[in-house]
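Single-letter residue listing:
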Amino acid sequence: MAGVVYAYGSLTFPRKFLHMGGERFKKKEYDIFAPPTNIWQKGSRDDVFTKNYIPRDKNGTLTSGKKFRLPLEVVPFHYILEITPILNNGSKLGAQWTAPGNIKILVDCVRVSDSITLHAFLIKFPKDAIKIRDLKTGEKLDVTNHGQSEENEDFYVIKLAKELQVGHKYEIDITYIAPVSLKRLDGLYRNQYTDYKTGQTKYLVSTQFEPYSARQAFPCFDEPGLKASFDISIGRKAHHISLSNGNLVSSVPMITVEKGWIVDTFNTTVKMSTYTVAFIVSDYSYTEADSNLFPNRPVRIYGPKAVIDRGGGEFSANVSARVLAFYENYFDVPYPMQKMDSVAVPGFPVKLYDKFRKKKPIKLLFIAGLNIYRDRYLIEIPGVTPEALRGTISSILAHELAHQWFGNLVTCDYWQNIWLNEGFATYYSYIGQNFTNPEFEPMKKLLVDANQFAFRLDSRERSSYPILLDSDHPDELAHRFFGIPYYKGAALIRMLDGILTSNTLRAGISRYLKRWAFKAAVQDDLFVALQEQAEEDGIELPNNLTVTDIMNGWTKQRGFPVIRVVTLNSSTISVIQIQNDVRVDQVKTKKLQEQPYLSWHVPISIASADEPDFSNHSPKVWLPKGVALVNMDVDTTKWLIINPDATAYFRVYYDDNIAANLRKQLNTDHSVISPLTRSQLLDDYFNFAAQGEMQISKALEFTTYFGNETEEIVWHILLNNLRRLHYFYQEHSDASERNTSRSVPAFQGLRDYLLPRLESALMKIGFEQSPEDRGAIITTRSRLLSWACRLGSQLCLDYANKLFGQWMNNTDVNPVPTDLQEFMYCYGVRAGGGKNWLFAVDQFAKATNLLQSLRLAKSLACIEDEDVLNVFMDSVIDKETLGVSKEEFLVIFESLSSNPSRRHLAIKFLRTRLPAVIRYLNGTRSVNVLFGLLTDYVHTEEELVEVQKIYSENLQQIILEDDVVDIDEHIVDIKDNIQWMAKYYQPIREWFESQTREQSHRKV
Ligand SMILES: [Zn+2]
């Protein structure tokens, strides 16, 4: 509409802001960097994982009584696959988005039968599609019938006129048409990216078969234990390339009625599982790693040409080659394939997000010789990619490449043993990254990611289950592919490292890999190999127990022990196994009746003032299964730690005497106690407090020394546990409001306590980022600075303003380090009023990469002036010419919601504009995301009522859409926040106030 004036004081919106739409989209590398994950994560990741973690149908049950395992009349040993995905319209070869194929499966008959059952799903079979031949006699067997099984829709049954003979080999020849899915992200599916130079949409076809979607691309025996070799040929148009697991052997014109088709043939693979088969048809180009890094086996990164030309694949190529060489040497087992290709596929539309996968929507997958990644987890562009993301990329590469050994070479026999794939890939990814990128300090992060995350999953009813899964239901198994098998798996391997020592674990793993190479294994196979190694190395296990005896307790039951340490006298402690506490949701600890108690063999190691050795993780004593208590001699007048470095998988609860000694030591010289130990101590105590087993003050008391604490893994625990205060009390933190009536003493207490410690820690690691900084120091500083700025640190605000001001003076050089931009832009905008805001608008319009434009979008909601904000928000959804993308809009909205003094605007906006927002976002699924962005931060009864009103007033509009907004879930989130406030606000306030009083007393 002409004539609308957007003004801020004397400043008018730049015209280009109103008309930058279409052009702006084209210029952006929209498909190179999808939004940072944290936008889609609700709260902390344990919230994500524990809510509705296990899918259930409306009756709350999972089992349907079907059979899921193949009856196995025959066992495959070789596949010959020819398939041609059709990307274009009007081909004589077949319809667009289908893939005509032929597969020959060579099998051994192991059971007399007149039928063969294999897997096929969504595949179409012509009438005479199936031919069976006896390879011994050459005889053709008549197929009397074939079709989907009534027992299980994934089964396809071929009926024969004659029985198959045991010991004979047969060829099953099937001609078929597979779908290329446009909606699903498994099987064979279409993907697309925008060529940001031309704005053109480019299509590619890729695969995602794990755990059971290979059957959507070709008929097969789709169980991980049924390994076979593969000959694969892919048909493609001449201007495309194809990739598969093997090396390309030949490319020849296809003999067909249509010109311009090529058939690529790849060499025979090693024996592998169907889920590890992969292929891609695209127009990508590649970068290759220096061949000296991993001799004779090319390591390539594939992506859109424009991205590869900018050097976007170089970091990943280098890391991949180095980590492959490292693993080959570390495990003493050769890499089984002839090359390693990694392919970046574009980010997925928001609506396809699976909430269960929010933590790691990553990997698409790991496959032998060909890995497929979401683009943002593979492409690194120097100067653009933040350091934190660079760390994530190298960590993910190390994980996915570890799967070449754990998963591809040795495969879990069936998905119940998935931890043999995922636990090991997770654990070794940290060892691998420690080799390629030690600057990210992965061995410290391993504790947080593995043990601490697993503890949280493992202490809640809904997310805790035995790591050795006990179901064979595909849906249930698929939803357990996240969480426990990864993180508890890695934590248990950490524990084995402590029990067996690092050298023995490494040699035992090597033994296991060699013995089970190209085969499928169960967990006992692993434990037997470790046992043999332990015996050979003279490692003694207690009471003649074997590795299997010990580990069964940890893998076959859920939960973990809690160890209470009690002072008996000045030279003795009692170490007591008190419970397995699986928490039933948010309710106070409930001991689960079906769980046997004291059923772990628990290794107890110790460090103390007299023996302060944190590198020795060998157990001093064991608390055997069924035994509640053991006494240990140690000087109890000085500090002591049970389970130094937290190598074993249990929590520790100390009595007051020991806790006081520990506090004393931390305040005198915290460095005597290792960083891993300090981190776990805090994590244990905050969790005991959260479960109502102790006052939160007992946990907070361990933080008084934090002015000297420079480790992110330790700060992380405190900051995470104060996360809600951080969100809810920001309005009182503005330095300008410090002495106004809006300033609340409770928050003052938090600030007065935390800020000096944050600033002191920042002084120690360096307040400002220097060009030489790499890795953990950058991410630590970024974390601490974002809190410091939010708490009103003048030092932090000055730093932000200085950098932002420099940028405004010289727009050619942006001096704000990428890892600090996310929050610094906001303070830059807030400090400078309209002028700075307009500068941010200008930069937003000019931004050429998505991460940058998202950060700037976020900062636009930081302006103080409410009128400008209101007009701005309305314009975003009303004026398409503004060219604000949905992702950017969501970021702006979250920025508003997370700011307590602006949250009412976010609520009002939704309340008055919801129908327009739904139109703008193209459906309610995105609106669901939007509600989530708000409810994360809502924490009062009044706000709850407001949110409920928005929903009820717009019910009609919302339920007209296909996807109903899951308001109940959002209401639960808000109620959680309100509950948290009710429970912790007062004690935390009192504690912070008492600390502030003590401090001022001391000053006096
Ligand atoms: Zn994995």
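Up top is the structure these notes are about.
All values derive from a computational prediction rather than experimental measurement.

Time to look at the overall build of the chain. Helix and strand content of the chain: 30 helices and 31 strands. Scored against the burial criterion, the 1004 residues of the chain give a buried share of 63%. Expressed as a percentage of contacts within the chain between residues at least 6 apart in sequence, the contacts between residues at least 24 apart total 75%. Accessible surface, the chain: about 37,500 Å² in total, of which carbon and sulfur atoms supply 50%.

Here eight strands make up an open sheet; going across it, the order is β7-β6-β10-β4-β3-β13-β16-β15 and the pairing mixed. The open sheet is flanked by β7 (140-141) and β15 (248-253), the only strands paired with a single partner.

The subject of this paragraph is the packing of aromatic side chains. If you walk through the whole model with that rule in mind, you get 56 aromatic pairs. Between the aromatic rings of Tyr-685 and Phe-702, the centroid separation amounts to 5.0 Å while the plane-to-plane angle is 85°, which identifies the pairing as edge-to-face. Taken together, the residues span a long stretch of sequence, with Tyr-685 in helix α15 (residues 675-690) and Phe-702 in the loop between α16 (696-700) and α17 (712-721) at a distance of 17 residues. You'll find Tyr-685 and Phe-702 in the same group, each marked buried. In this structure, Arg-300 is placed above the aromatic ring of Tyr-286, and the distance from its NZ or CZ to the ring centre is 4.2 Å. Taking the ring centre of Tyr-330 as reference, the NZ or CZ of Arg-506 above it sits at 4.1 Å.

In this structure, Phe-218, Phe-221, Tyr-428, Ile-642, Tyr-654, Leu-754 and Phe-889 are the most contacted members of the largest nonpolar core, which totals 287 residues. No other element matches the 13 residues that helix α22 (residues 818-846) contributes to this core. Those residues in contact with Phe-889 that sit more than four places away from it in its chain are Met-873, Val-876, Ile-877, Val-884, Phe-909, Val-917, Tyr-920, Leu-921 and Leu-930. In this structure, Tyr-193, Tyr-284, Tyr-302 and Val-345 belong to the second largest nonpolar core, which totals 12 residues.

Interaxial distance between α17 and helix α20 (residues 776-790) falls to 11 Å at its minimum, and their mutual angle equals 25°. On the basis of their axis angle, the class for α17 and α20 is roughly parallel. For the pair α17 and α20, the sense of crossing is left-handed. Side by side, α17 and α20 meet where Glu-712, Trp-715, His-716, Leu-719 and Asn-720 of the first sit next to Ala-776, Thr-779, Thr-780, Arg-783, Leu-784 and Trp-787 of the second. Tallied by class, the residues present in the contact of α17 with α20 amount to five nonpolar, four polar and two charged.

The side chains of a regular strand alternate, first on one face of the sheet and then on the other. For strand β20 (residues 340-345), a buried count of six out of six residues is recorded, marking the element as mostly surrounded by other parts of the structure. Side chains of β20 alternate between two faces, with Met-340, Ser-342 and Ala-344 and Asp-341, Val-343 and Val-345 buried alike. Sheet topology places strand β19 (residues 299-303) next to β20; four bridges connect them, and they run parallel. The residue of β20 that forms the bridge with Arg-300 is Asp-341. Both β20 and strand β21 (residues 370-374) contribute to a ladder of five bridges, which runs parallel. The residue of β21 that forms the bridge with Ser-342 is Asn-371.

Between its first and last C-alpha atoms helix α10 (residues 484-500) spans 23 Å; for 17 residues at 1.5 Å apiece the expected length is 24 Å, and the two agree. Burial analysis of α10 places 17 of its 17 residues in the buried class, which makes it a mostly covered element. One or two steps after α10, the chain reaches Thr-501, where phi turns positive at roughly 80°.

Looking at the metal site, the zinc ion is ligated by His-399 (NE2), His-403 (NE2) and Glu-422 (OE), spaced 2.0 to 2.1 Å from it. Along the chain, the residues that donate to the zinc ion are spaced as H-x3-H-x18-E. On the criterion of sequence distance, the pair formed by His-403 in the loop between α6 (387-402) and β22 (410-412) and Glu-422 in helix α7 (residues 419-436) is long-range, its members being 19 residues apart. Each member of the pair, His-403 as well as Glu-422, is classed as buried.

Checked against the element boundaries, Gly-138 lands in the loop between β6 (130-134) and β7. Its relative accessible area of 40% is what places Gly-138 among the partly exposed residues. Taking the C-alpha atoms as reference points, Gly-138 and Tyr-170, separated by 32 residues in sequence, lie 9.0 Å from one another.

Further remarks concern the environment of Asn-267. Residue position: Asn-267 is located in the loop between β16 (261-266) and β17 (279-282). Judged by its relative accessible area of 17%, Asn-267 is buried. As for Asn-267 and Asn-245, which are separated by 22 residues in sequence, their C-alpha atoms are 8.6 Å apart. In this structure, Asn-267 is in contact with Phe-230, Asp-231, Gly-246, Asn-247, Val-249 and Gln-338, ignoring residues within four places of it in sequence.

Further remarks concern empty space enclosed by the protein. By rolling a water-sized probe across the atoms, one finds the places where empty space is left. Scanning the entire structure with this criterion turns up six cavities of 30 Å³ or more. Space inside the second largest cavity adds up to approximately 90 Å³. Surrounding the second largest cavity, Ile-641, Ile-642, Asn-643, Asp-645, Ala-646, Phe-650, Val-652, Tyr-654, Thr-677, Gln-680, Leu-681 and Asp-684 form its lining. Counting only elements with at least two residues in the lining of the second largest cavity, the list comes to β30 (640-642), β31 (651-654) and α15. At four residues, the largest contribution of residues to the lining of the second largest cavity is made by α15. Broken down by class, the residue content of the lining of the second largest cavity amounts to seven nonpolar, three polar and two charged.

Inspection of every chain in the model, using the stated rule, returns two disulfides. Two residues share a disulfide in this structure: Cys-789 and Cys-796, whose sulfurs sit 2.1 Å from each other. Taking the sign of the torsion about the S-S bond as the criterion, the disulfide between Cys-789 and Cys-796, at about -95°, is left-handed. Across the pair, exposure class does not vary: Cys-789 and Cys-796 are buried alike. Two residues, Cys-826 and Cys-862, share a disulfide whose sulfurs are 1.9 Å apart. Classification of the bridge connecting Cys-826 and Cys-862 rests on its S-S torsion, roughly -110°, and on that basis the disulfide is left-handed. Residue Cys-826 is located in helix α22, and its partner Cys-862 is located in the loop between α23 (850-860) and α24 (866-878); the two are separated by 36 residues in the primary sequence. Judged on exposure class, the residue Cys-826 and its partner Cys-862 are both buried. Assigning the bonded cysteines of the chain consecutive numbers by sequence position, one obtains the connectivity 1-2, 3-4.

Before going further, it helps to examine the sheet that holds strand β18 (residues 285-288). As summarised here, the arrangement of the four strands in space is β18-β19-β20-β21, forming an open sheet in which the pairing is mixed. Edge positions in the open sheet fall to β18 and β21, since each of these has one partner strand only. Adjacent strand axes in the sheet meet at a mean angle of 25° when their direction is disregarded. Judged from the four bridges that link them, β18 and β19 form a sheet pairing that is antiparallel. Note on β19: the bridge partner recorded for Thr-287 is Ile-301. Contacting β18, β19 and β20, helix α5 (residues 314-331) crosses the sheet at an angle of about 150° to β19. Relative to β21, α6 is tilted by about 145°, and along the sheet it contacts β20 and β21.

With that settled, the discussion passes to α22. Between its terminal C-alpha atoms α22 stretches only 17 Å, short of the 42 Å expected from 29 residues at 1.5 Å a residue. Gly-833 marks the point of greatest bend in α22, at about 140°. The buried fraction of α22 is high, at 23 of 29 residues.

For the structure shown, the criterion picks out 46 salt bridges. A salt bridge links Arg-69 to Glu-223, with the nearest nitrogen and oxygen atoms 3.2 Å apart. Of the two residues, Arg-69 is situated in the loop between α3 (45-50) and β3 (74-83) and Glu-223 in the loop between β12 (200-208) and β13 (229-237); the sequence distance between them amounts to 154 residues. What makes Arg-69 partly exposed here is its relative accessible area of 32%. For Glu-768, the salt bridge goes to Lys-802, with nearest N and O atoms at 3.0 Å. One end of the pair, Glu-768, is in the loop between α19 (745-765) and α20; the other, Lys-802, is in helix α21 (residues 794-809), and 34 residues separate them in sequence. Note on Glu-768: relative accessible area 40%, which makes it partly exposed. For Lys-802, a relative accessible area of 37% corresponds to the partly exposed category. Ionic contacts of the salt-bridge type, sharing partners, join the residues Arg-456, Arg-651, Asp-683 and Asp-684 into one network.

Parameters and conventions
Residues numbered from 1 in each chain as written. Predicted model: local features only at pLDDT ≥ 70, side-chain atom pairs only at ≥ 80, totals over all residues. Heavy atoms only, no water. Helix = DSSP H or I, 4+ residues; strand = E, 2+ residues; numbered from the N terminus. Buried < 20%, exposed > 50% of the residue type's maximum accessible area, 1.4 Å probe, protein only. Contact = heavy atoms within 4.5 Å. Areas by Shrake-Rupley, 256 points an atom, 1.4 Å probe, with all protein chains shown as cover. Pairing = 2+ DSSP bridges. Phe/Tyr/Trp six-rings, centres within 6.5 Å; stacked < 30°, edge-to-face > 60°. Lys NZ or Arg CZ within 6 Å of the ring centre and 35° of its normal. Core = buried A, V, L, I, M, F, W, Y, C linked by side-chain atoms within 4.5 Å. Axes fitted to C-alpha atoms, helices over the stretch in contact; angles between N-to-C directions. Parallel < 35°, antiparallel > 145°, perpendicular 65-115°, else oblique. Left-handed = near helix turned anticlockwise from the far one by under 90°. Nonpolar A, V, L, I, M, F, W, Y, C, P; charged D, E, K, R; others polar. Expected span 1.5 Å × (residues − 1). Donors = N, O, S within 2.8 Å, 3.2 Å for Na, K, Ca; no water. 1 Å grid on protein atoms, 1.4 Å probe; cavity = no way out; pocket = protein on both sides within 12 Å on 5 of 7 lines; lining within 4 Å. Points joined across faces, edges and corners; volume = space filled by probe spheres on them. Disulfide = S-S within 2.5 Å. Bend = angle between axes of the 7 residues up to and from the residue. Salt bridge = Lys/Arg side-chain N within 4 Å of Asp/Glu carboxyl O.

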